[in-house]
Amino acid sequence: MIDINAYEGTPEAEFRDFVALLKPRVMSLVVFTAFVGLWVAPVDVHPFIAFCSVLFIALGGGASGALNMWYDADIDAVMRRTQGRPIPSGRIDGSSALALGLILAGFSVMMLGLAANWFAAGFLAFTIFFYAVVYTIWLKRWTPQNIVIGGAAGAFPPMIGWACATGGISLESLLMFALVFFWTPPHFWALALFMKSDYHAAKVPMLTVTHGRPATRRHIFAYTLVLAPFAIWLGLTSVGGPVYLAASVVLNALFIHGGWQILRRSEDAAIADGYAVEKRVFKLSLNYLFLHFVALLVQNWLGAW
Amino acid sequence: MPLNAEHEIHRRRRSRNVGLGIVLVAFVALVFGLTVVKVQQGDMMEAFDHQPRVSVLPSEQPEPAR
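Rules of the game
Residues numbered from 1 in each chain as written. Chains lettered and ligands numbered in written order. Predicted model: local features only at pLDDT ≥ 70, side-chain atom pairs only at ≥ 80, totals over all residues. Heavy atoms only, no water. Helix = DSSP H or I, 4+ residues; strand = E, 2+ residues; numbered from the N terminus. Rg over C-alpha atoms; globule rule 2.2 N^0.38 Å. Buried < 20%, exposed > 50% of the residue type's maximum accessible area, 1.4 Å probe, protein only. Areas by Shrake-Rupley, 256 points an atom, 1.4 Å probe, with all protein chains shown as cover. Axes fitted to C-alpha atoms, helices over the stretch in contact; angles between N-to-C directions. Parallel < 35°, antiparallel > 145°, perpendicular 65-115°, else oblique. Left-handed = near helix turned anticlockwise from the far one by under 90°. Contact = heavy atoms within 4.5 Å. Nonpolar A, V, L, I, M, F, W, Y, C, P; charged D, E, K, R; others polar. Expected span 1.5 Å × (residues − 1). Domains from an automatic or database assignment. Buried area = accessible area lost by both parts, 1.4 Å probe. Salt bridge = Lys/Arg side-chain N within 4 Å of Asp/Glu carboxyl O. Polar contact = N/O pair within 3.5 Å; in protein donor to acceptor, adjacent residues only side chain to side chain. Core = buried A, V, L, I, M, F, W, Y, C linked by side-chain atoms within 4.5 Å. Disulfide = S-S within 2.5 Å.

Chemist: Which parts of the structure should I look at to understand the overall build of chain A?
Modeler: Scanning chain A for helices and strands turns up 14 helices and zero strands. From first element to last, N terminus to C terminus, chain A shows the α and β order α-α-α-α-α-α-α-α-α-α-α-α-α-α. For chain A, the C-alpha radius of gyration of 20 Å lies close to 19 Å, the compact-globule estimate for 305 residues. Seen through its C-alpha atoms, chain A measures out along the principal axes to roughly 75 × 55 × 35 Å. In chain A, buried positions account for 53% of the 305 residues. Surface accessibility of chain A: about 13,500 Å² in total, with carbon and sulfur atoms responsible for 70%.

Chemist: So what exactly am I meant to see when it comes to the overall build of chain B here?
Modeler: Looking only at helices and strands, chain B has one helix and zero strands in total. For chain B, the accessible area works out to roughly 6,000 Å², and carbon and sulfur atoms hold 63% of it.

Chemist: Would you mind showing me how to read the packing of helix H3 (residues 47-71) of chain A against helix H6 (residues 118-139) of chain A here?
Modeler: Residue and element names in this part refer to chain A. Where H3 contacts H6, the axes come no closer than 9 Å and their chain directions differ by 20°. Regarding the angle of H3 to H6, the classification is roughly parallel. Judged by the twist between their axes, the crossing of H3 over H6 is right-handed. For the pair formed by H3 and H6, the contact residues are Phe56, Ile57, Gly60, Ser64, Gly65, Leu67, Asn68 and Tyr71 on the first element and Leu124, Ile128, Tyr131, Ala132, Tyr135, Thr136 and Ile137 on the second. Classifying every residue of the contact of H3 with H6 gives ten nonpolar, five polar and no charged.

Chemist: I'm lost on helix H11 (residues 213-234) of chain A in this one. Help?
Modeler: Every α-helical turn comprises 3.6 residues, leaving residues that sit three or four positions apart pointing alike. Residues and elements named next belong to chain A. With 22 residues, H11 should reach 32 Å at 1.5 Å per residue; the first-to-last C-alpha distance of 32 Å fits that figure. Within H11, burial applies to Arg213, Ala215, Thr216, Arg217, Ile220, Phe221, Tyr223, Thr224, Leu227, Ala228, Ala231 and Leu234. Those residues of H11 that are buried lie in contact with helix H7 (146-166), helix H8 (171-194), helix H10 (207-210), helix H12 (242-264), helix H13 (267-272) and helix H14 (276-302).

Chemist: Help me understand the domain arrangement of chain A, please; the structure alone is not making it clear to me.
Modeler: Interface size is often expressed as the accessible area that is lost when the parts come together. Residues and elements named next belong to chain A. Split by domain assignment, chain A resolves into domain 1 (14-168) and domain 2 (170-305). For domain 1 and domain 2, the distance between their C-alpha centres works out to 22 Å. Here domain 1 meets domain 2 over a buried area of about 2,800 Å², counting both sides, of which 77% is carbon and sulfur. Summed over the three residues of domain 1 that lose the most area to domain 2, namely Pro144, Ile147 and Trp162, the buried surface amounts to 21% of that side. One can count zero salt bridges joining domain 1 with domain 2. One can count three residue pairs in polar contact (both at pLDDT 80 or more) joining domain 1 with domain 2. Elements with a contribution of two residues or more to the side of domain 1 that touches domain 2: helix H2 (24-40), helix H4 (73-78) and H7. Per-element tally for the side of domain 1 that touches domain 2: the top contributor is H7, with eleven residues. Looking at side-chain class alone, the side of domain 1 that touches domain 2 contains 19 nonpolar, eight polar and four charged residues.

Chemist: What exactly am I supposed to notice about the nonpolar core here?
Modeler: Residues and elements named next belong to chain A. The biggest cluster of nonpolar side chains holds 100 residues, and the ones touching the most others in it are Leu112, Leu179 and Leu296. In terms of residues, this core owes the most to one element, H8, which gives 14 residues. Each of domain 1 (14-168) and domain 2 (170-305) contributes no fewer than three residues to this core. Ignoring anything within four residues of it in the chain, the contact list for Leu179 reads Leu227, Ala231, Leu234, Tyr244, Tyr288, Leu289, His292 and Phe293.

Chemist: Hey, could you run me through the interface of chain A and chain B in this one?
Modeler: The interface of chain A with chain B comprises 20 residues on the first partner and 19 residues on the second. On the chain A side of the contact with chain B, A:Glu12, A:Glu14 and A:Phe15 bury the most area, a combined 34% of that side's loss. The interface formed by chain A and chain B holds three salt bridges in total. B:Arg11 is the partner of A:Glu14 in a salt bridge, and the nearest nitrogen-oxygen pair spans 3.5 Å. The tally of links between chain A and chain B comes to eight residue pairs in polar contact (both at pLDDT 80 or more). The biggest single contributor to the side of chain A that touches chain B is H3(A), with six residues. In terms of residue class, the side of chain A that touches chain B is made up of 16 nonpolar, two polar and two charged.

Chemist: Can you help me understand the state of the cysteines in this one?
Modeler: Residues and elements named next belong to chain A. Evaluated as defined, the whole model comprises zero disulfides over all chains. Free of any disulfide, Cys52 has its nearest cysteine sulfur in Cys164, 11 Å distant. Judged by relative accessible area, Cys52 falls into the buried class, the value being 0%. Residue Cys164 is classed as buried on the basis of its relative accessible area, which comes to 9%.

Quick look at the structure:
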């Protein structure tokens, strides 16, 4: 059989390739934290408006994911972990990803403004700008603190959710921001310790590469210490209560203990047991954030202070 | 081989078209739902429609003195 393939070289993407462009796994974090931010806010929101607001926040997050993949296609092509992404694997060309990102960004901001309010919409626009331009284009390739700054973009969604309900910012939403913001560095650096990713090949300055692994261990411990007071402080505000406080104290004690164990380990000991402690702390960090926001929901249901 | 044989590429293209179709239908449903909710909540729906706006016109009858 003669098979002449006239389409060779022109990518013919499937729908799921475009979905992959929106980083659905990052989106799940955005959806959850934005929902909690919106739900625990003191203003009642109609469930359908709440649903739409969270959806548009998630779409905005997806748009910044697409813009990130468009700009980082050169890095993604070098690193093994990201080579299968739609652009480096050739299923979607860069300009399509850029177009999708820009259109979705505009769309999600407009629709959030119409569904909720324009303050929240402006906040979403700022978040997309922050992740796509300040983090991806500007700082990611320039400073080993990139994880810290990128964490800010991931920390805005609960504030946007809160703004959808209340139309503004308050201490509670700022503390939710701080919770995600200071949680991100220890979470990612714990991952970086055992996922020996080829960042050096892609010339991305990761702390493990630029300052070494012992320095990264010190940073992880330091951030767990900084994180704890903010997490507990949130329990003393109007969204907090005994259940949240109890959960937060326990989780922070565990997280600080994990950070301490990471700090005290030498690289040889870590290699000897296959990074068991680092992997455990990484898993703990996932539960840490999830359970904090679950505790906020439960506390809201039981009645906050 | 008939000319209308389906190539693997057609399957990919169809997945894109069906996906976009679902997204558009969902978007219509979303906007409709939002409209219903906003009207039920009594939000300000008055927009510029080339008519004098009732709410900014002076009331024809002054309020009776109490």
